[in-house]
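Structural characterization, general
Below, each chain spelled out in residue letters.
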Amino acid sequence: MQFNQFNLYSYNANIAQKNTLDEVDNCKQELLRITEYDAVKDFLTQKFGNFSGQKWINYPELSKQVYLYLDEEKVEFCALKDKKQYWGRGWKLEEINN
């Protein structure tokens, strides 16, 4: 592959974006890669502690909040900026009958 000016610009822009992600957006990016319910639940309890029900985490220096919901059948993660949701995702445990 040959590098030209556009390739270098694109490469540097991607690196800059990764370096500018804050703690909330890093968590969001990680959750985009995880698809299984148990893996999501494990990630959130490792990151935010063991809990059940809903939990709010404030990041005043970022003007961001995280809303979490965790029970035996459902997990939710919502990211908010200035109390307005800009990203959210939920996972539901379902049994597969064969």
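Scroll up a little and you will see the structure.
The structure displayed is predicted, hence computed values, not measured ones. (Residues numbered from 1 in each chain as written. Predicted model: local features only at pLDDT ≥ 70, side-chain atom pairs only at ≥ 80, totals over all residues. Heavy atoms only, no water.)

**Details of the overall build of the chain**
Counting its secondary structure elements, the chain contains three helices and four strands. With 98 residues in all, the chain has 30% of them scored as buried. Sequence separation of at least 24 residues holds for 34% of the intrachain contacts in the chain that already meet a minimum separation of 6. For the chain, the computed accessible surface area is about 7,400 Å², with 46% contributed by carbon and sulfur atoms. (Helix = DSSP H or I, 4+ residues; strand = E, 2+ residues; numbered from the N terminus. Buried < 20%, exposed > 50% of the residue type's maximum accessible area, 1.4 Å probe, protein only. Contact = heavy atoms within 4.5 Å. Areas by Shrake-Rupley, 256 points an atom, 1.4 Å probe, with all protein chains shown as cover.)

**Here's the deal with the nonpolar core**
Ranked by internal contacts, the top residues of the largest apolar core, which has 20 residues, are Leu31, Leu44, Phe48, Val66, Leu68 and Phe77. It is helix H3 (residues 37-48) that contributes the most residues to this core, five residues altogether. With residues up to four places along the chain from it excluded, the contact list for Val66 reads Val24, Phe48, Lys55, Trp56, Ile57, Tyr59, Phe77 and Cys78. (Core = buried A, V, L, I, M, F, W, Y, C linked by side-chain atoms within 4.5 Å.)

**Examining helix H2 (residues 23-33)**
Taken together, the buried positions of H2 are occupied by Val24, Asp25, Cys27, Lys28 and Leu31. Taken down its axis, H2 places every buried residue within 155° of arc, on the same side. Of the surrounding secondary structure, the elements contacted by the buried residues of H2 are H3, strand S1 (53-59), strand S2 (64-70), strand S3 (74-81) and strand S4 (84-92). Where H2 begins, the side chain of Asp22 points an oxygen toward the backbone nitrogen of Val24, at a separation of 3.0 Å. (Arc of directions from axis to C-beta. Polar contact = N/O pair within 3.5 Å; in protein donor to acceptor, adjacent residues only side chain to side chain.)

**Things to note about the side chain of Asp25**
With respect to the helices, strands and loops of the structure, Asp25 is situated in helix H2. Separated by 2.9 Å, the side chains of Asp25 and Lys64 make a polar contact. For Asp25, the contacting residues outside a window of four places in its chain are Lys64 and Tyr86.

**Topic: the pattern of salt bridges**
For side chains of opposite charge, pairing can occur when their charged atoms come near one another. Going through the model one piece at a time under the given rule, you end up with six salt bridges. Asp25 is the partner of Lys64 in a salt bridge, and the nearest nitrogen-oxygen pair spans 2.9 Å. Remark: Asp25 occurs in helix H2 and Lys64 occurs in strand S2; sequence separation between them is 39 residues. What makes Lys64 buried here is its relative accessible area of 7%. Residue classification places Asp25 among the buried residues on the basis of a relative accessible area of 13%. (Salt bridge = Lys/Arg side-chain N within 4 Å of Asp/Glu carboxyl O.)

**Thoughts on the sheet that holds S2**
Here four strands make up an open sheet; going across it, the order is S1-S2-S3-S4 and the pairing antiparallel. Two strands close off the open sheet at either side, each with one partner strand: S1 and S4. On average, each strand axis in the sheet is tilted by 10° relative to the strand beside it, whichever way the strands run. Here seven bridges tie S2 to S3, and the two strands are oriented antiparallel to one another. Each bridged residue has a counterpart across the sheet, and for Gln65 the counterpart in S3 is Leu80. Here H2 sits on the sheet and contacts S1, S2, S3 and S4; the angle it forms with S4, its principal contact strand, is near 35°. Lying over the sheet, H3 contacts S1, S2, S3 and S4, oriented at roughly 50° with respect to S3. (Pairing = 2+ DSSP bridges. Axes fitted to C-alpha atoms, helices over the stretch in contact; angles between N-to-C directions.)

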